[in-house]
Structures are given as structure tokens and as C-alpha cells.
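Residues per chain are reported as follows:
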Amino acid sequence: MTQDPYFLGHSVLEQRRLQQQAGELADESALLFDQIGLAGSRVVEIGCGPQGCLELLSSRVGPTGSVVGVELSDHAVQLAREFLLNRGITNVEVRQGNAASTGLPRNHFDMATARLVLVNIPEPEKIVSEMAALVRSGGVVALHEADWNSHVCDPPLPAWDRLKDALVRYSEAKGMDLYIARRSARMLRNAGLLDVQVRPLIHLYEPGHSRRPIFLQFVNNLRDRIVGEGLISDSEFAQCTASLERHLNDPETLVVSHLFIQAWGRKA
């Protein structure tokens, strides 16, 4: 069976993390969408997962607008549809499809957006190209991406470094770029977008913050993959994650988030 190309996989554990993430990143995404202005718009969210920005987009396009979510995972599509049904959201539909080849009409949408998708897949340029093709002249392509470079802890922890090394080597072998946020604006320009704007975001994950253990969640999601690829032994993985968990539980440990970059531009 072909391995799931998505960096973090589509396990039940990952779907739950993504549902939680939707709330954690909602304010930042709302800031982006409000700056663009979406009332009455037709919007497509690429890689919406089990929730993504669908509710945010629904409220911003309003009753005269519409939203289409595109997601590869059948399970995530089902969860997203259930979420919309439970919230009584009727101006959003979710379709199963490939982000690089959605099958949606060209030059149709007022905005195409993706949040933390490109960092997790190979050949991200194909997705940006698809997004640019989907929007009309004057429409917007908006990205929210991550760069792993700033995601660090202090005091330093050898287990953190060892696990991060395994993840980086795994991603490189699969053609993924864990530092892609820094080139998101350039990718938009290369796809023909104009008036590209950029907003950087970075945080401290203090004790009790829901995203403080995000790195531990990532490595646990990828355990079978990185162990299976021989990048770390099962016993060393267990030792490193136990050490990491203790370190994160120490209130004196400083945890800095990934560097997030929001970049958006308009189609000529």
C-alpha cells in the first residue's frame, strides 16, 4: 500500500489534534481573512482537514457567499461534514480531492486559502499553482505556513535535538520542506500573484498552553514512520519522548513556537 504523503498522517490521533488546532489558530486566521475582506465571496480552502477554517470562512462570506473545502482523507471529509451539520452551517460544502488537482472550476473563486498544508506535503509548488488557477482575476491566494527553525526549547535538551533530527531527515527523504514558510511569499510571486504581503507570527508556549506539547504530539504521530525508516530505534524513541515529556512539564522550560508566516497576493 502506498504510504500517506501527508507528513503527519491521517490517524485518529492526528484528526483530533487538527480539530483542536482549529480553535487554537482561529484568531490569527480571522485577522487574515478580515484584512482581505470576504463578504459575499466564493472561497475554497485547500486541505481543510476535519474542521480547518470552514466555520471562520462561513461567517465571513455570509449568506450570499459560499465555501468549498477540499480534503484528501475520507475520514477527515466525514468529520468535516459532521462538524458543519452539527453547527448548522449551510453555506459550506466539503469535497474529497487532491489539493494539487482539485477538479474545481478555473478562474472561479474570490479566494483560495490553505493553512499549514504546504509544510506537510511534497511538491508544494503544485498546490500553489492550483490555488492560483482557481481564483478569478483580482482574486486572492492566502497562505498560513510554518518554519520549524524557531521551534526550540531552553534549556536545550538532547532528546529534543535527536527527535527533531529524525523528523527533518524523514521529511527531506520524502521531499518535504519543514522550513517552507520563509519562501511562501516567493512561491506566490512565482505563481504570478501580485502585491504580495507578509505577516510573521511567533509565540511562547507557556506552561498550560495547549500547544506547549505540540512537538511531542508530532513525534508520537510519526513514531511508526521514523522508526520504520531506521532513523531512530524504538527503544531510543521511547527514551527520548520520556525525557521530552519531563522537560515540557518543567515550568521553567521555555518553549518557542514555530515561525508562522501569513502571505497573500492578488491574481492579475
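Quick look at the structure, then. Because the structure is predicted, anything quoted here is derived from the model rather than measured.

1. Digging into the packing of aromatic side chains
Step number 1: Going through the model one piece at a time under the given rule, you end up with 3 aromatic pairs.
Step number 2: Cluster of aromatic residues (ring-pair linked, three or more members): W148, W160, F215 and F218.

2. Observations concerning the packing of helix α6 (residues 158–173) against helix α10 (residues 234–249)
Step number 1: Running from N to C, α6 and α10 cross one another at 130 degrees; their axes reach a closest spacing of 8 Å. By the angle between their axes, α6 is oblique relative to α10. Pair α6 / α10 crosses with left-handed handedness. Seen from α6, the contacting residues are A159, W160, R162 and L163; seen from α10, they are E236, F237, C240, T241, S243, L244 and L248.
Step number 2: Classifying every residue of the contact of α6 with α10 by side-chain character gives 7 nonpolar, 2 polar and 2 charged.

3. Focus on the environment of V135
Step number 1: Examined against the element boundaries, V135 turns out to sit in strand β5 (residues 135–147).
Step number 2: For V135, a relative accessible area of 0% gives the class buried.
Step number 3: In this structure, the C-alpha to C-alpha distance between V135 and R266, residues 131 residues apart in sequence, is 9.0 Å.

What counts, and where the lines are drawn
Residues numbered from 1 in each chain as written. Predicted model: local features only at pLDDT ≥ 70, side-chain atom pairs only at ≥ 80, totals over all residues. Heavy atoms only, no water. Phe/Tyr/Trp six-rings, centres within 6.5 Å; stacked < 30°, edge-to-face > 60°. Axes fitted to C-alpha atoms, helices over the stretch in contact; angles between N-to-C directions. Helix = DSSP H or I, 4+ residues; strand = E, 2+ residues; numbered from the N terminus. Parallel < 35°, antiparallel > 145°, perpendicular 65-115°, else oblique. Left-handed = near helix turned anticlockwise from the far one by under 90°. Contact = heavy atoms within 4.5 Å. Nonpolar A, V, L, I, M, F, W, Y, C, P; charged D, E, K, R; others polar. Buried < 20%, exposed > 50% of the residue type's maximum accessible area, 1.4 Å probe, protein only.

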